[in-house]
Amino acid sequence: MTDHPIAPGGTIGIVGSGQLGRMLSFEAHRLGYRVAVLTGGTKDTPGGRVADIEVAAGYDDDLAVQRFVDTCDVITWEFENVEVDMLEHLASRSGVPVRPGSSIIAAAQHRGRERQALMAAGVPVAAFREVTTTRQLVRAVTDLGPPVIAKRVRFGYDGRGQVRLASVDEPAARRIVEKIGDDGLIVEEVVPFDAEVSVVVARGITGEMTHHGVMENVHVNRILDTTVTPPLSVSHRVAAAAVDMATTIAEHLGLVGVLCVEMFVTGEELVVNEIAPRPHNSGHCTIEAASTSQFGQQLRAICGLPLGDGSCRPAAMVQLLGDLWNDPSGHPPGWSEAMADPGVHLHLYGKEEVRPGRKMGHMTCIDVSPDKALERALAARRRLWRRP
Ligand code: AMP
């Protein structure tokens, strides 16, 4: 493994090929890199359509993974729910660095290991129990005191694989445990939060760190709906503590790349909910708000280049879900109406299959303050519903 910078002209390998891979590819091309994506199986993916090479194969297809590895100078992630061992083995045999390292990915893809890593880093998390049996589940609900949230330890995202429990008896617990299977659950207290925030931190191979400040996020049906930065409803003290926690975790994990840390704010208290060792939905506004976006920082970090200036102007992002296409008139969304405001930045992810709740794109506005930016972005989204 080399610590020399991977210069523009080299090939960035991206594991996963959704919208994050797509936006990372745009940035890589801007800097003169080539891009190979490993899709997990499907062809013609949002990332693959804009990459130089699309390897449409499963993450467990060793021949295809080897082919992917052989085209890359460095490998990074846009999707962490993959078996990391084989990829790491093949990459290390071929001398291709994997950044962030697979141990961070392994921690992030398993809520139990994630909690252990967070506690080892010394940051607060909500009270929780790890559960694999019916009896443990009943016990956890009693210990923590209902209501609680039970979360599948693996393969949960956008609130999938989660259930809120006001109480639990033996038969109900058995049904939940049977449905979840062998991997198990974590059961945690419901945090009566006032706000949800996140921090995207970048760390280079020399240990240098930077961040984009604090994003304040609102989820609807457990899917991120809006982000503003700087946050509207948290104090400077809490914002500083959030940044401090994110950098502490990045340092503790020995991150090379970017890491998003999602937190709940209750009064002046923070607890960490989740980490994602890659660019994050809540960091999309950095594309316009910062001179170096989360994707730019990821590239710089994994290529061993100096990190850029990630500080953000006041900005807001609104998510565009598949529901927007589901209009009884059959007309497409009112793109011209939305873009009547020249400060609206539209991003669509190139997904052909539209499903309710599926993330199809987002819009960002920059303004003099986060509330102004949010007002403009929300107004633009409302105009999308006005069909031509
Ligand atoms: P997650 O998949 O853990 O990111 O959860 C998705 C969303 O569900 C979060 O952004 C919160 O809005 C909500 N949520 C998850 N865990 C909790 C909790 N322990 N207490 C309250 N709300 C939660």
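Small disclaimer: the values here were computed from a predicted structure and weren't measured.

Trainee: When you look at the sheet that holds strand S10 (residues 209–220) in this model, what are you seeing that I'm missing?
Mentor: Strands in a sheet are paired, the pairing made by backbone hydrogen bonds, and the direction either parallel or antiparallel. Across the sheet, eight strands lie side by side as S13-S12-S9-S10-S11-S14-S16-S15; this open sheet has antiparallel pairing. Because the sheet does not close on itself, it has two edges, and the strands there are strand S13 (269–276) and strand S15 (345–348). The average undirected angle you get between the axes of adjacent strands in this sheet is 25 degrees. In the sheet, S10 pairs with strand S11 (residues 223–229) via five bridges, with the strands oriented antiparallel. The residue of S11 that forms the bridge with His-219 is Leu-224. Packing of helix H12 (residues 370–384) onto the sheet brings it into contact with S11, strand S14 (315–321) and strand S16 (359–366), and relative to S14 it is tilted by some 25 degrees.

Trainee: I keep staring at the site of the ligand and nothing clicks. Help me out?
Mentor: In the vicinity of the ligand lie 16 residues, with Gln-162, Glu-188, Val-191, Glu-196 and Glu-274 positioned nearest. Residue Arg-111 places a side-chain N or O atom 3.2 Å away from an oxygen atom belonging to the ligand. Within the side chain of Glu-188, a nitrogen or oxygen atom sits 2.7 Å from a nitrogen atom of the ligand. Burial of the ligand by the surrounding chains reaches 94%, relative to a free accessible area of 470 Å². When grouped by side-chain class, the residues that make up the shell around the ligand number five nonpolar, four polar and seven charged.

Trainee: Explain unusual backbone geometry here, please?
Mentor: With the exception of glycine, most residues fall at negative phi, and the peptide bonds are largely trans. Arg-99 connects to Pro-100 through a cis peptide bond whose omega is -5 degrees. Mapped onto the elements, Pro-100 comes out in the loop between helix H3 (84–93) and helix H4 (102–108). Note the cis peptide between Thr-229 and Pro-230, where omega equals -5 degrees. The phi dihedral of Asp-44 is positive, around 60 degrees, even though this residue is not glycine. Tracing the sequence through the fold places Asp-44 in the loop between strand S2 (34–38) and strand S3 (53–55). One non-glycine residue with positive phi stands out, namely Asn-221, at about 50 degrees. Here Asn-221 shows up in the loop between S10 and S11.

Trainee: What is the right way to look at the sheet that holds strand S8 (residues 185–189) in this model?
Mentor: Spatial ordering of the open sheet is given by S5-S8-S6-S7, a layout of four strands whose pairing is antiparallel. Each of the sheet's edge strands pairs with one partner strand only, and the pair in question is strand S5 (128–131) and strand S7 (162–165). When the angles between neighbouring strand axes are averaged without regard to direction, this sheet yields 20 degrees. Pairing between S5 and S8: four bridges, direction antiparallel. The partner of Phe-128 across the bridge, within S8, is Glu-188. The strands that helix H5 (residues 111–120) touches are S5, strand S6 (148–152), S7 and S8; relative to S5, the one it contacts most, it runs at about 140 degrees. Running at roughly 175 degrees to S5, helix H6 (residues 134–144) makes contact with S5, S6, S7 and S8 of the sheet.

Trainee: Would you take a moment to explain the side chain of His-347 for this structure?
Mentor: You can see His-347 is positioned in strand S15. We classify His-347 as buried; its relative accessible area is 15%. For His-347, the side chain forms a polar contact with the side chain of Glu-288, separated by 2.7 Å. For His-347, the residues in contact, after removing those within four places along its chain, are Ile-287, Glu-288, Gly-361 and His-362.

What counts and how
- Residues numbered from 1 in each chain as written.
- Predicted model: local features only at pLDDT ≥ 70, side-chain atom pairs only at ≥ 80, totals over all residues.
- Heavy atoms only, no water.
- Pairing = 2+ DSSP bridges.
- Helix = DSSP H or I, 4+ residues; strand = E, 2+ residues; numbered from the N terminus.
- Axes fitted to C-alpha atoms, helices over the stretch in contact; angles between N-to-C directions.
- Contact = heavy atoms within 4.5 Å.
- Near = heavy atom within 4 Å.
- Polar contact = N/O pair within 3.5 Å; in protein donor to acceptor, adjacent residues only side chain to side chain.
- Areas by Shrake-Rupley, 256 points an atom, 1.4 Å probe, with all protein chains shown as cover.
- Nonpolar A, V, L, I, M, F, W, Y, C, P; charged D, E, K, R; others polar.
- Buried < 20%, exposed > 50% of the residue type's maximum accessible area, 1.4 Å probe, protein only.

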